[in-house]
Structure formats: structure tokens, C-alpha cells
Amino acid sequence: MYLRKTILATGVAFSALATASFAHAEPTAEVLHWWTSGGEAKAVASLKEDFEANGGTWVDSPVAGGAGDAAMTVLRSRVLSGDAPAAVQLKGPAIQEWAEQGALADLNDVAAAEGWDDVIPAAIQDVMKYKGDYVAVPVNVHRVDWIWANPTLLAKVGADSAPTTWDEFNALADKLQAAGITPVAHGGQPWQDATVFETVVLGLGGPEFFQSALVDLDEDALNSDTMKAVFDQMRKIRGYVDADFPGRDWNLATAMVMNGEAAMQIMGDWAKGEFLAAGKVPGKDFICAATPSENGYLFNVDSFAMFNVSGDDKVEGQKLLAELIVGEKFQETFNLLKGSIPARSGVSLDKFDDCAKKSEADLQAAQEAGGFLPSMAHGMALRGHLAGAIVDVVTAHFNSDMSSDEAVSRLVEAVELAKD
Amino acid sequence: MGASQSTESNLTASIQRHLSKIVVAPSFAASLFFVYGFILWTGYMAFSKSRMLPVWDWAGLRQYERLWQMERWHVAIENLLIFGGLFIVTSLIIGCLLAVLLDQRIRAEGALRTIFLYPMALSFIVTGTVWKWLLNPGLGLESMMHDLGWTSFKFDWLVNSDMAIYTVVIAAVWQASGFVMAMFLAALRGVDQDIIRAAYMDGASLPRIYFGIIIPSIRPVFLSAIVVLAHLAVKSFDLVIALTGGGPGYSSDLPATFMYTMAFQRNQLGVGAASAMMMLATVMAIIVPYLYSELRGGKKNG
């Protein structure tokens with residue numbers, strides 16, 4: 001089997017060489033992704049145009065559905081059969097997992113030529129590198145710890161801005177509830193519960209606690225009084241949510257804030273896309289504010305990992321693609337369409353909205369304060385099975401009467417079990 | 001010339017003799033490989049250290065140990081017992097009742113039969129989505145009752161983590177009882193009318209005839225219905241995904257959804273394979289005794 005593959009690969013390499021001697025190899029890249037809906041599809045199309053304008057041949061392999069599960073299943077079978085696509089939409093520690101399998105190609109040449117080390121934030125570099133080699137390229141930065149609020153509803157209880165501490169948050173929510181307004185719009189899916197949870201961990205524990213609890217999985221941090229306080233706060237938030245939340249999609253919760261059925265939603269900045277698509281203006285029709293924390297910033301970075309491919313044209317295509325993705329032009333067009341902010345510095349934000357500008361400013365501040373952290377709920381901090389174990393406990397606690405003590409002990413157990 | 005002719009006819013004869021085997025061979029080989037081969041492969045995966053990609057390192061019973069230490073697996077098993085038990089019993093009772101009622105030589109029987117059987121033609125995804133809308137407190141039954149003025153009406157099982165699994169039972173029973181009815185109706189029609197007439201002559205009441213004669217005589221149909229419903233219950237996946245998404249939280253998880261989550265979302269192929277083997281064992285526990293009784297019964301009759 002292995003021998004046959006080698007012969008095949010050699011054959012392919014030779015034929016590539018043969019064509020190369022005839023004509024200059026045309027850069028080719030097959031791109032596997034699951035950006036198939038509205039703005040996402042447009043964003044991908046912009047990359048495709050760019051790539052083709054630079055003389056490349058783009059082979060599109062979209063796999064819709066299942067938030068990437070379907071695409072990952074395709075990827076697994078493609079890699080096992082020795083026919084990996086050139087670039088795959090992949091993020092977080094999943095990149096490391098594939099790199100460990102020896103499936104990823106390194107991009108150090110392009111990185112050195114383009115000076116990536118200077119323009120990409122260090123925390124994002126860590127995610128893109130495997131043992132010091134670039135194996136993936138970032139396309140954007142989504143911020144996760146946002147509050148999206150309806151100013152009209154807040155004004156009804158005399159508030160003119162989003163809360164800045166969790167105590168203020170609770171006080172405001174109590175007031176809203178007393179006025180007959182649903183304080184928090186929430187969609188009850190495990191990942192949404194986990195999104196709220198990690199913003200509370202960041203807010204109540206601070207960046208260092210977040211790092212040790214949800215990134216390093218330190219047992220003392222997981223088993224601490226702070227974690228109990230986090231679960232207490234989650235129980236409170238549960239009380240601020242309307243009764244019909246289980247199973248609701250995040251964009252329906254966003255619509256509740258937009259239509260004045262609920263005052264606030266805790267959700268990443270993809271929610272902004274919903275407001276903008278409805279013609280709402282940031283600052284006037286809706287407020288975007290960070291969830292209470294001290295200079296914290298939870299990032300969710302989409303990226304493309306580059307797989308091992310054979311053939312000059314494919315390797316060239318991969319390099320060109322990587323160069324274009326990190327390039328300023330693509331970072332601007334893509335992120336304007338996707339609602340996120342560029343993953344590199346040096347891109348002008350003139351065309352971006354106020355929320356994006358705030359996001360960029362907070363990013364800089366968080367980096368200086370050491371609060372620029374990977375999101376656990378969105379697969380940036382932990383490998384799938386570890387994050388999954390935490391999400392299970394969080395969602396079980398949120399959807400039942402479990403006490404904070406029990407939640408903490410279950411959290412410790414679940415992480416322990418998932419580790420080995 | 002004559003020799004070659006005779007080999008030719010020999011060949012034709014031997015082809016004809018083995019034709020049935022030749023025809024069956026490809027599908028036999030395919031099912032041997034794609035069903036039993038993959039069962040063996042999954043069985044091995046459950047003993048390996050596989051996480052993201054299949055690997056062949058032996059891990060012994062570790063994956064099974066991890067599986068049984070997971071809180072979520074216990075929830076899935078408990079839900080399977082609740083769901084399977086209620087689904088089978090309720091579908092049998094409703095299906096049987098409908099069949100008996102339809103058996104009363106009523107008008108429009110054909111139309112009614114179609115109406116009752118129709119849900120079976122729908123995919124579980126459709127059933128799940130429709131019942132999700134019906135049972136959603138803010139959208140379906142509860143909000144309709146509130147709009148009609150009955151504001152104290154409360155039916156929030158779908159969003160209650162203790163009750164969500166019962167909504168799955170409701171939708172599954174709605175889907176399957178028509179099918180059970182069809183099975184029973186066919187069996188009822190096959191009961192010897194002379195015996196029933198004789199019972200009438202002796203002055204037996206209708207319920208008496210049903211409980212004393214007809215239902216005992218269609219006992220094998222009960223067995224078949226239970227086997228079909230039981231394996232439907234074990235492999236239930238799409239209904240849960242469409243109706244509750246396994247939620248709230250993971251309170252309405254079933255083994256099939258658990259397996260999907262582990263194998264395809266969490267890169268835990270080993271644990272996923274172990275849970276798949278547990279499901280296979282459950283189905284085996286139902287099917288093997290059934291096959292055994294069927295085959296033994298066949299021999300006795302033949």
C-alpha cells in the first residue's frame with residue numbers, strides 16, 4: 001500500500017516536472033471550505049477572484065452543512081486516501097492535530113518573505129504554527145466577548161450604556177425584568193451556553209484565571225471558588241433568559257434584541273452582521289460593548305491550513321494563496337464582508353464600522369495587558385474532546401437545577417477523563 | 001468440433017446449475033465486506049487508541065471504560081430505556097386499537113387507512129421539525145391556547161430538560177403507530193372467519209372474541225412488530241436531531257446521537273466506536289433470540 005503510494009507520488013512528481021519543462025507551472029489550489037451562506041460565500045469569492053487575477057487556477061470544494069462536521073469527514077477520507085486538498089478551512093488546535101499527523105506543509109518561505117512574524121499578533125501566531133513552522137494562515141479575528149444591546153429598551157430603565165461589571169449587569173437585568181422586559185436573549189444550544197460561560201470566566205476570574213482554567217486546564221483553577229462564582233453567575237443569567245430558549249438559533253436571539261423583545265445578547269461579532277443586514281446603525285439602533293472584564297479579549301480566528309500536496313503547480317498555488325490571504329487587500333475585502341476585523345496589522349480600518357474599530361482598539365489594549373486570549377467555546381483554546389467535555393458540563397448545569405458545587409466537581413472529573 | 005461443442009454445452013449446463021449462486025455472489029460479497037467487514041473494523045477501532053484518525057495501537061478495554069465513565073453516555077442509555085420502552089408499548093397499543101377499530105367493516109376504511117399510514121411515509125426529519133413547531137411553547141400548542149384565552153395552559157416539555165425525551169416519544173409514536181396498525185390489520189384479516197362465526201353462534205361478545213380468539217392467534221405479529229420498533233428505537237437519530245437537537249443541554253441524547261458527537265465532532269473515534277459496539281450489542285440482544293425462535297419454528301413446521 002505504502003509502496004504503491006510512493007510510486008504514484010513519484011510518478012506524479014515526474015509528470016509535473018515534465019510539464020514544468022514545457023511550460024511554466026500554473027499555480028493551482030484546491031480549497032476545501034464550508035463558507036456557503038450569503039456573506040461567507042461572497043468572502044470566498046473575493047479570494048477566488050484575487051487568486052485568479054494572479055494567474056492561479058482555483059478548484060472550489062465547498063462542503064455545506066453541520067458547521068464543518070461534514071467537511072471534516074470529507075477531509076479525513078481525502079487525507080487517508082492520500083489526496084489531500086491544498087488548503088482547508090481549519091482552525092485552532094485542530095491545526096496542531098493535523099500537523100501531528102504529518103499532514104501539513106510548512107510555509108516558512110512565504111512567511112519570511114512577507115514578514116508575517118511582525119504583522120500577526122503573537123497569540124495568533126501560536127495557533128498558526130506547529131513547532132515553530134507556519135502551517136496555516138489566519139483570515140480574520142472575531143471577538144467573542146460582546147454584548148449586543150437595544151438602546152431603546154435600556155433607556156426605559158434609565159440606562160444609557162451597557163454594563164461594565166457583572167454586578168452592574170445583574171442590577172440592570174433585575175431592573176429590566178421588573179419593567180417586564182426580557183433582559184437577555186439567548187439561544188439554548190451547547191455552544192451558545194459555552195459562549196456565555198467563557199465571557200463570565202473572563203470577567204469574574206480575569207485573564208490569568210481564564211488562561212489557567214480554560215487553556216491550561218489547571219486543576220486548582222477548575223476546582224476553585226472563582227469557578228463556583230462563575231457557575232452562580234450562570235444560574236443568574238439563566239433566570240434572565242425567556243422560557244423558550246432551548247434549541248433557538250443564535251440569529252433568532254439577535255433578532256429578539258433587534259425587534260425590542262429582549263434587551264441584550266452575549267454573542268460574538270457575527271451578530272453584528274445581522275444588525276447591519278437589517279440596515280441598523282451601530283451606536284444608534286444598537287449598542288456594541290465588550291462583556292465586563294479587565295482588558296480581556298476572546299478571539300476566534302478563522303484560518304486555512306495548508307496540506308501536503310505534490311506537484312510544482314500545486315505547491316506554487318498553495319504559496320500564492322497563503323501570500324494573498326495574509327495580504328492587506330484580501331484582509332480588508334474579506335473582513336468587510338464577514339463582519340470581523342483583519343488578523344494582521346497595517347490594514348486601514350477606514351471602511352469599517354464603529355464596532356470593528358472598537359474591536360481593533362480593544363485588541364491592541366488587550367495585547368498590552370496580556371488579556372488577548374483564545375476562545376474555548378469556539379475551538380481556539382482546546383482540542384475538540386477537551387472543549388467538548390467542558391461544554392457538556394456547562395450546558396448540563398445551565399439546563400438543569402444543578403448546584404454550583406456539583407458543576408465544579410463534574411467539571412474537574414470531565415476534564416480529567418477527557419485528558420487521558 | 002464435436003468435442004468443443006460438448007465442452008460448450010457442459011459450460012452452459014454448469015452455468016445454469018450455478019446460476020442462482022452466480023447471481024447472488026456479488027451482493028453477497030458486497031454485504032460481507034460493507035456490513036460485516038465494517039462491523040469488524042469498528043469492533044477493532046473500539047479497542048484502539050484512535051482519536052482524530054484511525055490508528056491501530058491496541059488500547060484494550062480503555063475506550064469502553066472511558067465510555068462508561070462519561071455522564072453523557074449514562075444519560076443516553078437512560079433515555080434509550082425510557083424512549084424505547086414507551087415508544088414500543090404505546091405504538092403497539094395505539095396501532096392495535098386502530099386496527100381493531102378499522103376492522104369493524106366501516107365506510108371509508110381505505111381513506112382512513114391511508115391517513116393513519118401516511119406518517120410512516122414521512123422522513124423522521126420532517127416529523128421532528130413539525131413536532132418541534134407544534135410543541136414549542138412560544139409558537140405552537142401553548143401559545144395557541146394562550147391566544148384562545150386559556151392563559152394558564154402550560155405544555156413546555158420540549159424546553160424542559162426532564163421532559164424533553166418524552167416529546168421524542170410522542171413524535172415517534174405518531175410516526176410509527178400507523179405502520180403497526182397496518183401490520184395488525186393484515187393479520188386480523190387473515191384470522192379464520194369460521195372460528196369467529198362459531199364464537200358468535202356460541203353467544204360470545206365482541207371484546208371476548210378479540211381477547212379470547214383473535215389477539216392470541218396473531219401473536220407472531222406482535223413479535224415482529226416489537227422487533228421492528230425496537231431496532232427503530234435503538235437507531236433513532238434523525239428524529240432527535242430535528243426535534244430537540246439532543247437538548248436542552250444533552251438531556252435528550254440517545255446512543256446514536258452520542259456516537260455521532262464523539263466520532264465526528266470531538267475527534268474521539270475510539271469512544272465513538274465503543275458506543276457503536278454497545279448499540280450493536282443491544283440490537284443483537286433483540287434480534288438473535290427472535291431469529292432463533294423463527295428458525296427453530298420454521299424447522300418444526302417444515
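Quick notes on the rules
- Residues numbered from 1 in each chain as written.
- Chains lettered and ligands numbered in written order.
- Predicted model: local features only at pLDDT ≥ 70, side-chain atom pairs only at ≥ 80, totals over all residues.
- Heavy atoms only, no water.
- Helix = DSSP H or I, 4+ residues; strand = E, 2+ residues; numbered from the N terminus.
- Rg over C-alpha atoms; globule rule 2.2 N^0.38 Å.
- Buried < 20%, exposed > 50% of the residue type's maximum accessible area, 1.4 Å probe, protein only.
- Contact = heavy atoms within 4.5 Å.
- Areas by Shrake-Rupley, 256 points an atom, 1.4 Å probe, with all protein chains shown as cover.
- Lys, Arg positive; Asp, Glu negative; His and termini not counted.
- Charge placed at Lys NZ, Arg CZ, Asp CG, Glu CD.
- UniProt positions renumbered as here; feature names shortened; annotations may be inferred.
- Domains from an automatic or database assignment.
- Buried area = accessible area lost by both parts, 1.4 Å probe.
- Salt bridge = Lys/Arg side-chain N within 4 Å of Asp/Glu carboxyl O.
- Nonpolar A, V, L, I, M, F, W, Y, C, P; charged D, E, K, R; others polar.
- Disulfide = S-S within 2.5 Å.
- Pairing = 2+ DSSP bridges.
- Axes fitted to C-alpha atoms, helices over the stretch in contact; angles between N-to-C directions.

J.: Talk me through the overall build of chain B; I want residue IDs and the actual numbers.
T.: Per the secondary structure count, chain B includes 13 helices and 0 strands. For 302 residues, the compact-globule estimate of 2.2 N^0.38 gives 19 Å, and chain B exceeds it by more than 25% at 26 Å. The principal-axis extent of the C-alpha atoms belonging to chain B is close to 95 × 70 × 35 Å. Within chain B, the proportion of its 302 residues that are buried is 40%. Here the contacts in chain B between residues at least 6 apart in sequence split such that 68% fall between residues at least 24 apart. Roughly 16,800 Å² of accessible area belongs to chain B as shown, and the carbon and sulfur atoms make up 68% of that amount. Where the 21 positive side-chain charges of chain B centre and where its 17 negative ones centre are 7 Å apart.

J.: Which residues make up the UniProt feature "domain: ABC transmembrane type-1" (unreviewed entry) in chain B, and what are the values?
T.: Within the UniProt annotation, "domain: ABC transmembrane type-1" (unreviewed entry) is assigned to residues 77–292 of chain B. Helix makes up 75% of residues 77–292 of chain B and strand 0%, with an end-to-end C-alpha separation of 26 Å.

J.: Residue-level account of the domain arrangement of chain A, with values.
T.: Residue and element names in this part refer to chain A. When cut into domains, chain A gives domain 1 (25–139 + 301–354) and domain 2 (143–299 + 357–419). Counting residues at the interface gives 19 residues for domain 1 and 20 residues for domain 2. Note on domain 1 versus domain 2: buried area summed over both sides is about 1,800 Å², and carbon and sulfur give 58% of it. When the buried area of domain 1 at its contact with domain 2 is split by residue, I341, D353 and D354 rank highest and sum to 31% of it. Counting the contacts that link domain 1 with domain 2 gives 2 salt bridges. Close ionic contact of E100 with R383 constitutes a salt bridge, the shortest N to O distance being 2.9 Å. Taken together, the residues of the side of domain 1 that touches domain 2 sort by class into 10 nonpolar, 3 polar and 6 charged.

J.: Outline the state of the cysteines, listing residues and values.
T.: Residue and element names in this part refer to chain A. Tallied over the full model, the rule gives 1 disulfide over all chains. Across the disulfide, C288 is cross-linked to C355 (sulfur-sulfur distance 2.1 Å). Between C288 and C355, the S-S torsion sits near -100°, and that sign places the bridge as left-handed. Of the two residues, C288 is situated in strand β11 (residues 287–290) and C355 in helix α17 (residues 354–369); the sequence distance between them amounts to 67 residues. Residue C288 is classed as buried on the basis of its relative accessible area of 14%.

J.: Outline the UniProt feature "transmembrane region" (unreviewed entry) in chain B, listing residues and values.
T.: Residues and elements named next belong to chain B. According to UniProt, the "transmembrane region" (unreviewed entry) feature falls on residues 22–47, 80–102, 114–134, 163–188, 209–234 and 269–292. From the first C-alpha to the last, residues 22–47 spans 37 Å; its make-up is 92% helix and 0% strand. In the segment residues 80–102, helix accounts for 100% and strand for 0%; the C-alpha atoms at its two ends are 32 Å apart.

J.: Kindly report on the sheet that holds strand β7 (residues 142–143) of chain A, identifying the contributing residues and their values.
T.: Residues and elements named next belong to chain A. One open sheet accounts for 3 strands, arranged β7-β12-β14; its pairing is mixed. The open sheet is flanked by β7 and β14 (372–374), the only strands paired with a single partner. The sheet contact formed by β7 and strand β12 (residues 297–300) spans 2 bridges and is antiparallel. Its bridge partner being in β12, H142 is matched across the sheet by N300. Seen against the sheet, helix α10 (residues 190–215) touches β12 and β14 and runs at an angle of roughly 75° to β14.

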